[in-house]
Structure formats: C-alpha cells, structure tokens
Amino acid sequence: MEMTMNANVAWAASAPVCLSAPRRVEEFISVSSFDRPTLVLDIDAVETQYHALKAGLGEAAIHYAVKANPTREIVERLVASGSHFDAASRGEIELCLGLGARPEHISFGNTVKKVSDIAFAHAAGITLFAADAEEELEKIAEHAPGAEVYIRILIEESQADWPLSRKFGCGGDEAIRLMGVARDLGLAPVGISFHVGSQTRDPAMWCTPLDAVSRIWQRARAAGFALDLLNIGGGFPAFYGEDIPAPTTYATEVMRHVHARFGAVGRIMAEPGRGLVAEAGAIACEVLLTSKKREDDLVRWVYLDIGKFSGLAETMDEAIRYQFVTPHDGEATSACILAGPSCDSADVLYEKRPVQLPVGLRAGDKVIIRNCGAYTSSYSSVGFNGFPPLEVMCI
Ligand SMILES: Cc1ncc(COP(=O)(O)O)c(C=O)c1O
C-alpha cells in the first residue's frame, strides 16, 4: 500500500504540518507505572482536535465515527462540543443516547445492519440510515418506515494507508437504481456517502474519489432524485511519522475540493474517527523479551506485552506504522522484528519492514506507543490467550 503523491500539494507550501504528537499523555505515562498495557487518553486534546477539524470543515456537520474509540469520556465531551455521531450498531447508538446525544444527531452508518438494530434505532428516533444493497433497503423500509437513506458509493481507487474498498458501497448505476428502489419502498433517498479510505494522508488524494462521486451525484439529480445530503465519510489522517497537514488545513483543503465539484449542497456531513481521536492517546506497554534466533542474526526479536489481539490490530499487513518511545532513545539502534505476547504466530507486528529500536532495549523497559487513540481499545479482544483487553484511562 504505497502512497503516491498527487500533483496537487497546495497545502504543503504554506501550511503548518503536524510533526509531533501532543506530549501530555506521554509525560503522564513517563511518570506513572502500569500493571498492564494501558491506553491513556487526553480528553481535552480530543476537544481541541474537534474544533480544529470543524474550523476547516465549515458548514459540514461532524458525525464522530464512534467505532474509532467508544470511550465514554470521549463521547461525552464530543456531545458537549456539539458533535453528531456515526454509529455502527445498536450498542453505539445506546452509548451515544445514554451520554446525551440527540437521536436526530445520530446516523446509522453501517451498511450491514441487524433488523433488530434497525427497529431499535427507529424506535429511538433515529431517521438517517446508510445502505448499499436492495435487501438492506427492504430491511430499513420494514423496520424504519419512511426513513431517510443515503446510498454508499464503492471507492475503488483509494490511496489510503488503510483502504476500506471492496467491502462497502456499490457502483454508480446500482446506486441510482437503489435510489429508485428506496423511493418505491416509501423511503426518502436523500443523498450519497463514500469513504476515501482511512489514513488518507494528502487532501489531494480525495480528488479522484470526489470526481467519481460527483459524477454519480449529477446523474442521480438528472434522473430526478432531489439529493441534498453529501456524506464525505472519514479518512482524516493522524500523525504516525510521515508529514500530514494540520487538521484545519487538511479539512479546509478537502472542503475546497468538495465545493469545486458539488457547488452548494443542502447538507454535508463528515465522519472523522482516526483524525479526531488518534493523536489524543498513547499506549504504555512493556518489553517482555528481546532475543535472537541465532547468535549471528542481524535482526533481533522484541516481544511486547501488547500485540495484534490486544489493541494493535491495525499493524495487519504492517499498514499502520506506529512510533515507539523507549528509555534508551538516542542510543545506537538495530533492526528489530516486533511481536506481541500471545502464543499465536500471527501476533507479529512488524517483520517485513523491521523497526529500528535501541540496542540497549531490555525486558522490563517501558515503551510508549504514540498516537494510539483510534482503533486500539475498540479492536482489542476480550481475552485471547488470557490477556485482558486494553486498559483505558483518561487524564
Ligand atoms: C462509515 C464510516 N464512517 C467513518 C469511518 C471513520 O473513518 P476514519 O477513522 O478513517 O476517519 C469509518 C471507518 O471505518 C466508517 O466505516
């Protein structure tokens, strides 16, 4: 999943770039001790990021993608900040409602829903649902009659580090057909959604998907569908070591690309997950073992007490490359294969591209994993191999 830089790098010339993470969580971890791997979250940092993104997104409503991190304190603070929410299940809807979100501010954005969840959402007052298939529309029509639906478009040319292509969305012809199906079923086909892919580092990477989606939007309107809702999804990046624009700059650029193609749209919504919460968190963990398989091996193995099943699932295919802070930083480094603690050979984090870590790193050393606030605690297993799920604490 190599990134190709597009020609349009307007932001790069003048914009501030996020070169480092907020340090408050890291300072807290440095002076604290932990019995087990712990995600420390700075809730003020989430609020600051919300306002920074909102400043660039302008009239677009932010629907926080709760799946990125459903920690109660995050949702509570975002409710207080005026955020809306993108929920994937009944559980996330209940969480948001229970913490004060209004039902009209929650969209049910999963295109694959249980009918009992649809019925629950409808009874709770939620009126906006995603779909990308006829059967899904039938379920919504039966269990949330009269609801507003937006059709998710398949994005095949994602340049994201964590693309979401293939599984979600449908092609343009099918989208327009589904709008007709929705109308016939008594639903209100109000718009279109898409997702450029998670961790889309450069706003210029939105241009190709936006071109494709705007063509479908125009065709749908020409076919008589009075669309007024454009859902631009997530994709807003976090800093994992490679330069990205600051959040307001990034969001401003995205909206510039949106307006250039869509002009005035009635309602625009964005669903940042990673870009809103990742940089607000860091994980405290520990080295369990360093070893070599043979004395003359050039590459060492470093085993942490956190792995793929306990929070670092996004190391799958080595797609998301986290940054590590150790007590030996500044000393000589060597190439290391990084692995988790479970008795499962799939629990290897980085091997194809080993990580440079200090030669002096030893069992018992505390390691901080930077910018881990998204897709870590929400991905950690309940107790694979008897390891508890990732502990979360807020400062
Ligand atoms: C429907 C939907 N919206 C938003 C998001 C959030 O994406 P990101 O974390 O890249 O902002 C996701 C992530 O899977 C999603 O499925």
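Residues numbered from 1 in each chain as written. Predicted model: local features only at pLDDT ≥ 70, side-chain atom pairs only at ≥ 80, totals over all residues. Heavy atoms only, no water.

**So, unusual backbone geometry**
No. 1: The residue Gln 199 is not glycine, and still its phi comes out positive at about 60°.
No. 2: Tracing the backbone through its elements, the reader meets Gln 199 in the loop between β7 (188-193) and α9 (207-222). (Helix = DSSP H or I, 4+ residues; strand = E, 2+ residues; numbered from the N terminus.)

**Observations concerning the site of the ligand**
No. 1: Inspection of the region around the ligand gives 14 residues, with His 195, Ser 198, Glu 271, Gly 273 and Tyr 375 positioned closest.
No. 2: A distance of 2.8 Å separates an oxygen atom of the ligand from a polar atom in the side chain of His 195.
No. 3: Side-chain polar atom of Glu 271 to a nitrogen atom of the ligand: 2.6 Å apart, as the coordinates give it. (Near = heavy atom within 4 Å. Polar contact = N/O pair within 3.5 Å; in protein donor to acceptor, adjacent residues only side chain to side chain.)

**Re α9**
No. 1: End to end, α9 covers 22 Å across 16 residues, agreeing with the expected 22 Å (1.5 Å per residue, within 8%).
No. 2: Buried residues of α9: Cys 207, Pro 209, Leu 210, Val 213, Ser 214, Ile 216, Trp 217 and Ala 220, and no others.
No. 3: Those residues of α9 that are buried are in contact with α8 (172-184), β7, β8 (229-231) and α10 (247-262). (Expected span 1.5 Å × (residues − 1). Buried < 20%, exposed > 50% of the residue type's maximum accessible area, 1.4 Å probe, protein only. Contact = heavy atoms within 4.5 Å.)

**With respect to the domain arrangement of the protein chain**
No. 1: The domain architecture assigned to the protein chain consists of domain 1 (43-278) and domain 2 (281-394).
No. 2: One C-alpha centre belongs to domain 1, the other to domain 2, and the line joining them spans 32 Å.
No. 3: Listed as interface residues are 18 residues of domain 1 and, on the opposing side, 19 residues of domain 2.
No. 4: On the domain 1 side of the interface with domain 2, the three residues burying the most area are Trp 162, Tyr 240 and Ala 278, jointly 42% of the side's total.
No. 5: Along the contact surface separating domain 1 from domain 2 lie one salt bridge.
No. 6: For Glu 314, the salt bridge is made with Arg 274, and the minimal N-O distance between the two is 2.8 Å.
No. 7: For the pair domain 1 and domain 2, the interface holds nine residue pairs in polar contact (both at pLDDT 80 or more).
No. 8: When grouped by side-chain class, the residues that make up the side of domain 1 that touches domain 2 number eight nonpolar, six polar and four charged. (Domains from an automatic or database assignment. Buried area = accessible area lost by both parts, 1.4 Å probe. Salt bridge = Lys/Arg side-chain N within 4 Å of Asp/Glu carboxyl O. Nonpolar A, V, L, I, M, F, W, Y, C, P; charged D, E, K, R; others polar.)

**Regarding the packing of aromatic side chains**
No. 1: Summed over all chains, the structure comprises nine aromatic pairs.
No. 2: Seen from their ring centres, Phe 194 and Trp 206 are 6.2 Å apart, and the 80° between their planes marks the pair as edge-to-face. Of this pair, Phe 194 sits in the loop between β7 and α9 while Trp 206 sits in the loop between β7 and α9, and the two are twelve residues apart along the sequence.
No. 3: The class of Phe 194 is buried, set by a relative accessible area of 2%.
No. 4: Both rings, one in Trp 301 and one in Tyr 303, keep their centres 5.8 Å apart while their planes meet at 20°; by these two values the pair is stacked.
No. 5: Members of the aromatic cluster, connected to one another through ring pairs, are Phe 194, Trp 206, Phe 236 and Tyr 250.
No. 6: Positioned above the aromatic ring of Trp 301, the side-chain terminus of Lys 293 is 4.8 Å from the ring centre.
No. 7: One cation-aromatic arrangement involves Arg 321 over Tyr 350; the distance from NZ or CZ to the ring centre is 4.5 Å. (Phe/Tyr/Trp six-rings, centres within 6.5 Å; stacked < 30°, edge-to-face > 60°. Lys NZ or Arg CZ within 6 Å of the ring centre and 35° of its normal.)

**Digging into the UniProt feature "repeat: ANK" (unreviewed entry) in the protein chain**
No. 1: UniProt records the feature "repeat: ANK" (unreviewed entry) for residues 57-90 in the present numbering.
No. 2: For residues 57-90, the end-to-end C-alpha separation is 28 Å, with 35% helix and 26% strand making up the annotated structure. (UniProt positions renumbered as here; feature names shortened; annotations may be inferred.)

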